[in-house]
Amino acid sequence: MVAGLACYTVWGLLPLLFHWAAHLGAGPFEIVAWRAVWSVPLAALLVFWFGRGAGLKALAANPAAIRVLLVSALLIATNWTLYVWAVNNGHTLSASLGYYINPLFNVLAGSVFFGEKINRPGYIAIGLATVGVVVQGLALGEFPWVALLLASSFCAYGVVRKRASADAQTGMLVECLVLLVPAISYVVFLEHTTGGVFARHLDASLVLILCGPATVLPLVAFAFAARRLPLTVMGFMQFIAPTLQFIVGLQSGEHMTPLRAVSFAFIWAGVAVFLGSALRRVARGID
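Residues numbered from 1 in each chain as written. Predicted model: local features only at pLDDT ≥ 70, side-chain atom pairs only at ≥ 80, totals over all residues. Heavy atoms only, no water.

A. Geometry of the overall build of the chain. If you tally the helices and strands in the chain, you get 12 helices and 0 strands. The secondary structure elements of the chain, listed N-terminal to C-terminal, are α-α-α-α-α-α-α-α-α-α-α-α. Against the globule reference of 19 Å for 287 residues, the chain gives a C-alpha radius of gyration of 19 Å, in line with a compact fold. In terms of overall dimensions, the chain has a C-alpha envelope of 55 × 45 × 30 Å along the principal axes. Looking at the chain residue by residue over its 287 residues, the buried ones come to 46%. (Helix = DSSP H or I, 4+ residues; strand = E, 2+ residues; numbered from the N terminus. Rg over C-alpha atoms; globule rule 2.2 N^0.38 Å. Buried < 20%, exposed > 50% of the residue type's maximum accessible area, 1.4 Å probe, protein only.)

B. Highlighting the nonpolar core. Grouped together as the largest cluster of nonpolar side chains are 47 residues, with contacts concentrated most on Phe18, Ile31, Tyr83, Leu150, Leu179, Leu208 and Val216. Among the elements of the structure, α1 (2–23), α2 (28–49), α4 (63–87), α5 (92–114), α7 (145–163), α8 (168–192) and α9 (202–226) are those that each provide at least two residues to this core. The biggest single contributor to this core is α2, with 11 residues. If you look at the next biggest cluster of nonpolar residues, it comprises 19 residues, including Ile118, Ala147, Ala151 and Ile267. (Core = buried A, V, L, I, M, F, W, Y, C linked by side-chain atoms within 4.5 Å.)

C. Representation of the layout of surface pockets. In this structure, the second largest pocket encloses a volume near 190 Å³. The wall of the second largest pocket is formed by Phe29, Val32, Ala33, Ala36, Leu74, Ala77, Thr81, Leu179, Pro182, Ala183 and Tyr186. Those elements that place two or more of their residues in the lining of the second largest pocket are α2, α4 and α8. Here the lining of the second largest pocket is composed, by residue class, of 10 nonpolar, 1 polar and no charged. (1 Å grid on protein atoms, 1.4 Å probe; cavity = no way out; pocket = protein on both sides within 12 Å on 5 of 7 lines; lining within 4 Å. Points joined across faces, edges and corners; volume = space filled by probe spheres on them. Nonpolar A, V, L, I, M, F, W, Y, C, P; charged D, E, K, R; others polar.)

D. Spotlight on the packing of α2 against α4. Viewed as axis vectors pointing N to C, α2 and α4 meet at an angle of 135 degrees, and their least axial separation amounts to 9 Å. On the basis of the axis angle, α2 is oblique to α4. Regarding α2 and α4, the two cross each other, and that crossing is right-handed. Counting all contacts with α2, which are made through Pro28, Phe29, Ile31, Val32, Arg35 and Ala36, the residues of α4 involved are Trp80, Thr81, Val84 and Trp85. For the contact of α2 with α4, the residue count by class is 8 nonpolar, 1 polar and 1 charged. (Axes fitted to C-alpha atoms, helices over the stretch in contact; angles between N-to-C directions. Parallel < 35°, antiparallel > 145°, perpendicular 65-115°, else oblique. Left-handed = near helix turned anticlockwise from the far one by under 90°. Contact = heavy atoms within 4.5 Å.)

E. Representation of α2 in the model. Here α2 spans 31 Å end to end across 22 residues, near enough to the 32 Å set by a 1.5 Å rise per residue. Of all the bends in α2, the greatest reaches close to 30 degrees and is centred on Val40; the proline Pro41 follows between one and four positions later. Within two residues after α2, Gly51 carries a phi angle of roughly 70 degrees, on the positive side. (Expected span 1.5 Å × (residues − 1). Bend = angle between axes of the 7 residues up to and from the residue.)

What follows is the structure, encoded as structure tokens:
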């Protein structure tokens, strides 16, 4: 329970870390690049700490699995970059909306890609979320692309990772290694063009280094909790993160109009239906 609460709390408060890095002069791409770089040593340490070295060797001899992880690495890099850009450009509320609707995207993906059935409450929840997204678009005066891209990229990442024959720690290390070369190339480019802040300012360097543990440790805590807690409990917990993001967005001065509040009301209603259905299924011994 502690591990589950910790991982979702850290994910919900990550905007504060990215705001801090931006305040010290780091751009979104630099933050993501150093996030990938500093994730590698810790991810490698955890693979060997949990005795996954044999799994890493087996994965290296499996080109098909490597190709799947190449795709998942690109998807998670897209998600990271968009998320960092969003929270540092006044779109934290839109980011929180994306992670509220992500579980409902997962329901649709389960139906399309894995033949999972959607029950009536599932359709109601998806319908309410759809209305919420439409209203959000009206409130913003534009297509709510930030929320939808965040939700769809993370959902696609989940679908791809589900097809990869790799445990969480090993898969994460391979993804970080895939991103390491472009990340290092980008930060070297920044250093040569004096565009980066790393190694130029101690406080900025420490914050960018912190992005590595802030990426890896919540994933480890999530993997630990997911193996030991009922799925319904994890389902409730997953909404801690977007709720904290929502609060951070309000506290950072993002504008909440009445129409935007209506859109979130529809989303929250969809979430309530989704969670209520999950609880009833568990009570009947279905899940």
